[in-house]
Amino acid sequence: MDDLSIVLTLMRNHIDEQKKALVRAENIKACLAQQLKTLQHAKSNLPHHLPVSQESMNGKHAKNMQAFASSKSTSQMESCYQHIPTSGVQEIPVQERPQLTISNTLQARTVQELPPCPLIEYLTTEEFTNVPNYMKGRITYPQINFFVEELNKVFKAKYKLLKQKKSSLSEPNRARYETLKMQESKDTTGVYFVLEEDMKNWSSIKMSKETRCLITILRHCGRMCEIRSGGYLRYALIESY
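Residues numbered from 1 in each chain as written. Predicted model: local features only at pLDDT ≥ 70, side-chain atom pairs only at ≥ 80, totals over all residues. Heavy atoms only, no water.

Bringing the overall build of the protein into the picture now. Within the protein, the regular secondary structure consists of ten helices and three strands. Sequence-ordered secondary structure for the protein, helices as α and strands as β, is α-α-α-α-α-α-α-α-β-α-α-β-β. Pairs at least 24 apart in sequence give 69% of the contacts found in the protein among residues at least 6 apart. As presented, the protein carries roughly 17500 Å² of accessible surface, and 55% of it is formed by carbon and sulfur atoms. (Helix = DSSP H or I, 4+ residues; strand = E, 2+ residues; numbered from the N terminus. Contact = heavy atoms within 4.5 Å. Areas by Shrake-Rupley, 256 points an atom, 1.4 Å probe, with all protein chains shown as cover.)

Next comes the structure, spelled out in structure tokens:
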């Protein structure tokens, strides 16, 4: 009887331990289920645009160009240079000619395809969260970054035009070129800016109460500032370093 009592006691203790382990397992299961639900919600609600620094954008572009270059044969890459005029140019001995490499071609293309001016960086969720509620109103995180994208279109279009030779422009673009140059002053030296008119010409932005609210948020987050002089209200971007 004593042996049986000991066995029963051990079985009861083992059952109690298994019950406690089951409770812990149920708690872990519940936590994992909640975490899975949170991750699924995050996956379904990822913002359309994520903040990317200019440096990382350039690095990504270089990787894409490297992949493109690796898909081309050396003969295909060299064929790009077969139609360069050689009249009046002294022949260079083969052993002294610089070697054509994919890395050199990649570097040249990367420089050529960089945007014509710095661009406004997208806001992070932390930055947007820290914007005072009275300033945000009903503005959402996707809205502010969509606005940033539209503004970047304006900056790229404007400074792409200004980087072209005036003599190569059509009459309408030449007139616009001269207008843009007239908007510059000593206060805008080294500064990239756009006007309300530029937003209308090169994007879907319409100046409204909501647009002014979006601009105020970008100013608060150190993305833009206003320059008033000469009868112009300029919206200038603040470069990130």
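Right, picking up where we left off after that structure.
Take the sheet that holds strand 1 (residues 193-194) next. Across the sheet, which stays open at both edges, the three strands sit in the order 1-3-2 with antiparallel pairing between neighbours. Each edge of the open sheet is held by one strand with a lone partner, namely strand 1 and strand 2 (224-229). The sheet contact formed by strand 1 and strand 3 (residues 232-237) spans two bridges and is antiparallel. Among the inter-strand pairings, F193 is bridged to a residue of strand 3, identified as A236. Where helix 10 (residues 209-220) meets the sheet, it contacts strand 2 and strand 3, and its direction lies at approximately 110° from that of strand 2. (Pairing = 2+ DSSP bridges. Axes fitted to C-alpha atoms, helices over the stretch in contact; angles between N-to-C directions.)

All right, on to helix 10 then. With twelve residues, helix 10 should reach 16 Å at 1.5 Å per residue; the first-to-last C-alpha distance of 17 Å fits that figure. Taken as a whole, helix 10 has its buried residues at T211, C213, L214, I215, I217 and L218. Residues of helix 10 that are buried in the fold lie against helix 6 (133-136), helix 7 (141-162), helix 9 (196-202), strand 2 and strand 3. G222 sits one or two positions beyond helix 10 and adopts a positive phi of about 75°. (Expected span 1.5 Å × (residues − 1). Buried < 20%, exposed > 50% of the residue type's maximum accessible area, 1.4 Å probe, protein only.)

Take the packing of helix 7 against helix 8 (residues 171-182) next. The geometry of helix 7 relative to helix 8 is characterised by a closest axis approach of 10 Å and an angle of 100° between their N-to-C directions. Classified by the angle their axes make, helix 7 and helix 8 are roughly perpendicular. Mapping the contact onto sequence places K158, L161 and L162 in helix 7 and N173, R176, Y177, L180 and K181 in helix 8. Taken together, the residues of the contact of helix 7 with helix 8 sort by class into four nonpolar, one polar and three charged. (Parallel < 35°, antiparallel > 145°, perpendicular 65-115°, else oblique. Nonpolar A, V, L, I, M, F, W, Y, C, P; charged D, E, K, R; others polar.)

Our next topic: the confidence of the model for the protein. Should pLDDT be low for a region, the predicted coordinates there are not to be read in detail. Of all residues in the protein, 71% attain a pLDDT of 70 or more, and the chain-wide mean is 79. The spread of mean pLDDT over the elements of the protein runs between helix 4 (residues 102-112), the lowest at 48, and strand 1, the highest at 96. Contacts of residues 79-89 to residues separated by more than four positions or lying in other chains number three contacts, the stretch itself having pLDDT below 50. Scored below 50 in pLDDT, residues 108-112 shows six contacts in the model against residues more than four places distant or in partner chains. (pLDDT = per-residue confidence, 0-100.)

Two numbers describe a pair of packed helices, the interaxial angle and the distance between the axes. Between helix 7 and helix 10, the least distance of the axes is 10 Å, while the angle of their chain directions is 90°. Classified by the angle their axes make, helix 7 and helix 10 are roughly perpendicular. Between helix 7, through Q143, I144, F147, V148 and L151, and helix 10, the contact on the second element is made entirely by E210, T211, L214, I215, I217 and L218. A per-class count over the contact of helix 7 with helix 10 returns eight nonpolar, two polar and one charged.

Turning our eyes to something else, we now look at the packing of aromatic side chains. All chains considered together, the criterion is met by two aromatic pairs. Look at Y159 and Y192: their rings are 4.9 Å apart centre to centre, the planes differ by 75°, and that puts the pair in the edge-to-face class. With a gap of 33 residues between them, Y159 in helix 7 and Y192 in the loop between helix 8 and strand 1 connect regions that are remote in the sequence. Assessed through its relative accessible area of 8%, Y159 is described here as buried. Note on Y192: relative accessible area 24%, which makes it partly exposed. One cation-aromatic arrangement involves K158 over F193; the distance from NZ or CZ to the ring centre is 3.7 Å. One residue, R234, lies across the ring of F193, its end atom 5.5 Å from the ring centre. (Phe/Tyr/Trp six-rings, centres within 6.5 Å; stacked < 30°, edge-to-face > 60°. Lys NZ or Arg CZ within 6 Å of the ring centre and 35° of its normal.)

Moving on, we come to the pattern of salt bridges. Evaluation of the coordinates by the stated rule reveals eight salt bridges. Across the pair R223 and E127 runs a salt bridge whose closest N-O atoms are separated by 2.7 Å. Of the two residues, R223 sits in the loop between helix 10 and strand 2 while E127 sits in helix 5 (residues 125-130), which places them 96 residues apart along the sequence. Taking the relative accessible area as the measure of exposure, R223 reaches 7% and is therefore buried. Ionic pairing is found between K166 and E178, a salt bridge with its closest N-O pair at 2.9 Å. Note that K166 is positioned in the loop between helix 7 and helix 8 and E178 in helix 8, a separation of twelve residues in sequence. (Salt bridge = Lys/Arg side-chain N within 4 Å of Asp/Glu carboxyl O.)

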